[in-house]
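The chain contents come next:
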Amino acid sequence: MAKTPSAEVVAGDRAVRISSPDRVVYEATDSTPEVTKLMVAQFFADVGGRLMRAIGERPVALERWPDGWREGMRLATGPTDREGDGFYQKRAPKGAPDYLETVQVTFPSGRKADEICPTEPAVPVWCAQMGALTFHPWPVRRLDVDHPDELRIDLDPQPGTSFADAVRVAGVARELLEELGITGYPKTSGNRGVHIYIRIRP
């Protein structure tokens, strides 16, 4: 079988090479068409400005699924978990392009890592080339990694509760934040939770 030629995705001022562009990342369902690696990369390019407002200048851990994601696949829980189909990439990989910048962060354990720090739309597109589907940004910016500029409220349903419960609690949190004159920005988290991001002075 002939190998599919690579493709290019233009992101900002750069053309990013995407190998195996026809690789299926998400299979078709009754209500959605299949999604290929090229489509993910193009999506990241298309929303590049908005994506950079969310993760730009922030250290990020990548959630990588090199063979795509399928129902029943699991994310590795740590560096010794070899059974996961996907994994977290906390350090910039070798062979990264020269435009990919990093910043050093220190984990609670005291270990340090040079994490990817997106500074332009081509970086998330290159991450898609590496099988990244999700970005986990730190609540800090690279110029001051010791002082967060975001407060994050994580509403994860516990046993006996559901996503609807998380949404209800998020509504109550919104009422409280509005009383305090604070704006919170909700987003879905995982497969059944809600995060609320609140910009704060570092």
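Not measured: the values here are computed from a predicted model.

Participant: Quick question: what am I supposed to make of the pattern of salt bridges here?
Facilitator: When charged atoms on two side chains of opposite charge get close, those side chains can pair. In this structure the tally under the stated criterion is eleven salt bridges. Here E57 ties to R142 by a salt bridge, and the two come within 2.6 Å at their closest N and O atoms. On the criterion of sequence distance, the pair formed by E57 in the loop between α2 (48-55) and β5 (60-64) and R142 in the loop between β9 (132-137) and β10 (150-155) is long-range, its members being 85 residues apart. Using a relative accessible area of 28% as the deciding quantity, one classes E57 as partly exposed. The partly exposed category is assigned to R142, whose relative accessible area is 26%. The salt bridge partner of D81 is R74, with a shortest N-O separation of 2.7 Å. For D81, a relative accessible area of 16% translates into the label buried. Several salt bridges share partner residues, and in doing so they unite R58, R141, D149, E150, R152 and R199 into one network.

Participant: How should unusual backbone geometry be read in this particular structure?
Facilitator: Of all residues except glycine, most have a negative phi; of all peptide bonds, most are trans. Positive phi, close to 45 degrees, is recorded for S20, a residue that is not glycine. Residue position: S20 is located in the loop between β2 (14-18) and β3 (24-26). The phi dihedral of E57 is positive, around 65 degrees, even though this residue is not glycine.

Participant: What am I meant to see in a nonpolar patch on the surface here?
Facilitator: There is a patch of nonpolar side chains on the surface, built from L176, L180 and I182 and spanning about 270 Å² of accessible area. Overall, the relative accessible area of 46% leaves L176 in the partly exposed class.

Conventions we followed
- Residues numbered from 1 in each chain as written.
- Predicted model: local features only at pLDDT ≥ 70, side-chain atom pairs only at ≥ 80, totals over all residues.
- Heavy atoms only, no water.
- Salt bridge = Lys/Arg side-chain N within 4 Å of Asp/Glu carboxyl O.
- Helix = DSSP H or I, 4+ residues; strand = E, 2+ residues; numbered from the N terminus.
- Buried < 20%, exposed > 50% of the residue type's maximum accessible area, 1.4 Å probe, protein only.
- Patch = residues over 30% accessible without salt bridge, like charges linked within 9 Å, V, L, I, M, F, W, Y side chains within 5 Å.
- Areas by Shrake-Rupley, 256 points an atom, 1.4 Å probe, with all protein chains shown as cover.

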